[in-house]
Amino acid sequence: MEKDTSFLFSGITFNRKKFASDFARFKEKTERDDVVEEPNLIENGSSTLEEGMAVRADKKRKRKVARSDPIEGFSVFKRSKSKAVDEAGEHDEDELLQEKKEYHRQLERDALFRKRHNIHVSGSNIPSPLQNFTELKSRYNCKSYLLRNLRDLGFKEPTPIQRQAIPVLLSGRECFACAPTGSGKTFAFVCPILMKLKHASKDGVRAVILCPTRELAAQTARECKKLAKGKKFYIKLMTKQLAKSADFSKLPCDILISTPFRIQFAVRKRKLDLSKVEVLVLDESDKLFELGLVEQVDAVVKACSNPSILRSLFSATLPDTVEELARTIMHDAVRVIIGRKNSASESIKQKLIFVGSEEGKLLALRQSFAESLNPPVLLFVQNKERAKELYNELKYDDIRADVIHADLSQIQREHAIDNFRSGKTWVLIATDVIARGMDFKGVNCVINYDFPDSAAAYIHRIGRSGRAGRSGEAITLYTEADVPFLRNVANVMTASGCEVPEWILSLPKKKWRKHRPQRESIFTKPQDEK
Ligand SMILES: Nc1ncnc2c1ncn2[C@@H]1O[C@H](COP(=O)(O)OP(=O)(O)OP(=O)(O)O)[C@@H](O)[C@H]1O
């Protein structure tokens, strides 16, 4: 033991003469109370191995002794250590207190900032909203290609949904997001996907974006590519061709954008493996949860079986029923609402015009175009038959009209959209197939030739104008048959600050399923000429 001692502590000597009195008291004390002493005495050359060993054997107890039972006048080292420990403890507590205070100050700052940007959140531990795009770098180490692309696209400041949804998703939280039409939701989910995936890989599909229509899927794929420019990601749009004939086991694909039907088809028939998907976005989620689509969406959600998957729902309209249903598949999701839930963009001037009957609509339309036509104009009708009829009425008028509906081939639909985007077409007649998500820059006016079949349809249709802070106009024609349903649209209008005649607001509330009345034909020609 002695040997071990000298070996372990060689170079340490204890001057018993010099510290005789202290030593005597120390001995007395240790023998009397059997107290384990400070290890630092060893380190300071003032102790023995036995004491040191004992001290080492029970560090916790020893510290307690040092703190709670200082031996007055015994050792300078010991006393200073006790004091140091006390001070360290106090220091720790001080630090903790400061951290706590700073944390609460940050919460207050976040709350004020959210209020300023009309951001409403619910959920636990919600990350602070983004002050600017530079924070993508300082807080989340965003790569420079993405910041460069933002700059090139002219995105100077994040929009409110981007300020909050991006940090939520980047901190690994699932998210329900509801923000007005044209408020930049696409980038709010594409940015976290690109940042999370970091770089391209050939290890299978890692992110899926589901969109309710082919047109929207194509547009989202294009936007994704623009934002990923300069970085080699495999971004694929699920076309009919791809769904039917691709060998998905060999196809490099980081981000797959699709309608539920096509992706489900590929999973079932072409063995598309979605088990490695890390991020799943349901865009226009309320539409995806409607009957007819929800079964396919459900199959896709199931196929994305990675337990650590991050799911998010985005839409301008998010009914409670959809939220409840979605909650059953989400984990600890954060809810982000911009402005008022299910409301129209405030930059759209909305008007209701009574036209009496179906015949009155065409007259009102022609009169309005004759007085002022401010293209591009989108005209919405109830179904594809009516779209064809209205097109046949307007195609010889001098207003450069075109039409888009589900009976056209994919190519014809693409042409119709391209021509409208490029300004070749001034007036595009459409069904609800392009009512959601489509981003036509600078649509000046949306005309609901046929009254929309729900408040959500109204919000999405008119949201094709007044995007990204621009102003827009929405005119809704109504006949006697639509009067019982006026109140619902009127409520949306008043919520976004538009004036509505008092009599409409006092109409009885009507539970609004789908309002699709049988309407008289639009044709004005005699029956035998049709
Ligand atoms: N931070 C930004 N600054 C400026 N413009 C932006 C910003 N983010 C997006 N935009 C632009 O705003 C327009 C609308 O964006 P986006 O299509 O994502 O809207 P949305 O909220 O998804 O609309 P919808 O509900 O109709 O689908 C696009 O043209 C887009 O390029």
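Residues numbered from 1 in each chain as written. Predicted model: local features only at pLDDT ≥ 70, side-chain atom pairs only at ≥ 80, totals over all residues. Heavy atoms only, no water.

A. Region of the structure containing the confidence of the model for the protein. Considering every residue of the protein, the mean pLDDT works out to 84; 82% of them sit at 70 or more. Under the prediction, the complex receives an ipTM of 0.99, its pTM being 0.80. (pLDDT = per-residue confidence, 0-100.)

B. Local environment of the pattern of salt bridges. Evaluated as defined, the whole model comprises 30 salt bridges. A salt bridge links Lys384 to Asp407; the shortest N-O distance between them is 3.1 Å. Taken together, the residues Lys384 in helix H18 (residues 384-394) and Asp407 in the loop between strand E11 (401-404) and helix H19 (410-422) connect sequence positions 23 residues apart. For Lys384, a relative accessible area of 28% corresponds to the partly exposed category. Across the pair Arg386 and Asp450 runs a salt bridge, and its minimum N-O distance is 2.6 Å. In this pair, Arg386 sits in helix H18 while Asp450 sits in the loop between strand E13 (445-448) and helix H20 (455-462), placing the two residues 64 residues apart along the sequence. (Salt bridge = Lys/Arg side-chain N within 4 Å of Asp/Glu carboxyl O. Helix = DSSP H or I, 4+ residues; strand = E, 2+ residues; numbered from the N terminus. Buried < 20%, exposed > 50% of the residue type's maximum accessible area, 1.4 Å probe, protein only.)

C. Structural context of the sheet that holds strand E9 (residues 348-356). Read from one edge of the open sheet, 6 strands run E9-E14-E13-E10-E12-E11, paired in parallel fashion. In the strand order of this sheet, the two ends are held by E9 and E11, each with one partner. Each strand axis lies, on average, 20° off the axis of its neighbour in the sheet, ignoring direction. Note: strand E10 (residues 377-380) against E13, 4 bridges, orientation parallel. Bridge pairing in E13 links Leu378 to Val446. Contacting E10, E11 and strand E12 (427-430), H19 runs over the sheet at an angle of about 140° to E11. (Pairing = 2+ DSSP bridges. Axes fitted to C-alpha atoms, helices over the stretch in contact; angles between N-to-C directions. Contact = heavy atoms within 4.5 Å.)

D. Spotlight on the site of the ligand. Around the ligand, a shell composed of 19 residues is seen, among which Gly182, Lys185, Thr186, Asp439 and Arg467 lie nearest. The side chain of Gln162 places a nitrogen or oxygen atom 2.8 Å from a nitrogen atom of the ligand. Protein coverage of the free-state accessible area of the ligand, which is 650 Å², stands at 89%. Considered class by class, the residues forming the shell around the ligand number 4 nonpolar, 8 polar and 7 charged. (Near = heavy atom within 4 Å. Polar contact = N/O pair within 3.5 Å; in protein donor to acceptor, adjacent residues only side chain to side chain. Areas by Shrake-Rupley, 256 points an atom, 1.4 Å probe, with all protein chains shown as cover. Nonpolar A, V, L, I, M, F, W, Y, C, P; charged D, E, K, R; others polar.)

E. View of the UniProt feature "domain: Helicase ATP-binding" (unreviewed entry) in the protein. Sequence positions flagged by UniProt for "domain: Helicase ATP-binding" (unreviewed entry) are, in local numbering, residues 125-415 and 166-336. The span residues 166-336 is 42% helix and 17% strand, and its two end C-alpha atoms sit 11 Å from each other. (UniProt positions renumbered as here; feature names shortened; annotations may be inferred.)

F. Expanded view of the pairing of E12. Of the two faces of E12, the one carrying Val427 and Ile429 and the one carrying Leu428 and Ala430 are both buried. Bridge analysis of E10 against E12 gives 4 bridges, and the strand direction is parallel. From the neighbouring strand, Phe380 faces E12, where its bridge partner is Ala430. Relative to E12, E11 runs parallel, the two being bridged by 4 bridges. Bridged to Val403 within E12 is Ile429. Handedness of the crossover joining E11 and E12 through H19 is recorded here as right-handed. (Right-handed = clockwise from strand over helix to strand, strands pointing away.)

G. Expanded view of the nonpolar core. In terms of nonpolar packing, the biggest core is built from 62 residues, with Leu136, Ile209, Ile255, Leu378 and Ile434 touching the most fellow members. A total of 9 residues in this core trace back to one element, the largest contributor, which is helix H10 (residues 185-197). Beyond its immediate chain neighbours, meaning those up to four positions away, Ile255 contacts Ile193, Leu194, Leu197, Ala207, Ile209, Cys224, Tyr234, Ile235 and Lys236. By size, the runner-up hydrophobic cluster in this structure holds 35 residues, among which are Leu210, Leu288, Leu293 and Leu313. (Core = buried A, V, L, I, M, F, W, Y, C linked by side-chain atoms within 4.5 Å.)

H. Quick peek at H10. Over its 13 residues, H10 extends 19 Å from the first C-alpha to the last, a length consistent with the 18 Å expected when each residue adds 1.5 Å. The element H10 is extensively covered by neighbouring structure, given that 11 of its 13 residues are classed as buried. For H10, the complete set of buried residues consists of Lys185, Phe187, Ala188, Phe189, Val190, Cys191, Pro192, Ile193, Leu194, Met195 and Leu197. Following H10 by one or two positions, Lys198 has its phi on the positive side, about 65°. (Expected span 1.5 Å × (residues − 1).)

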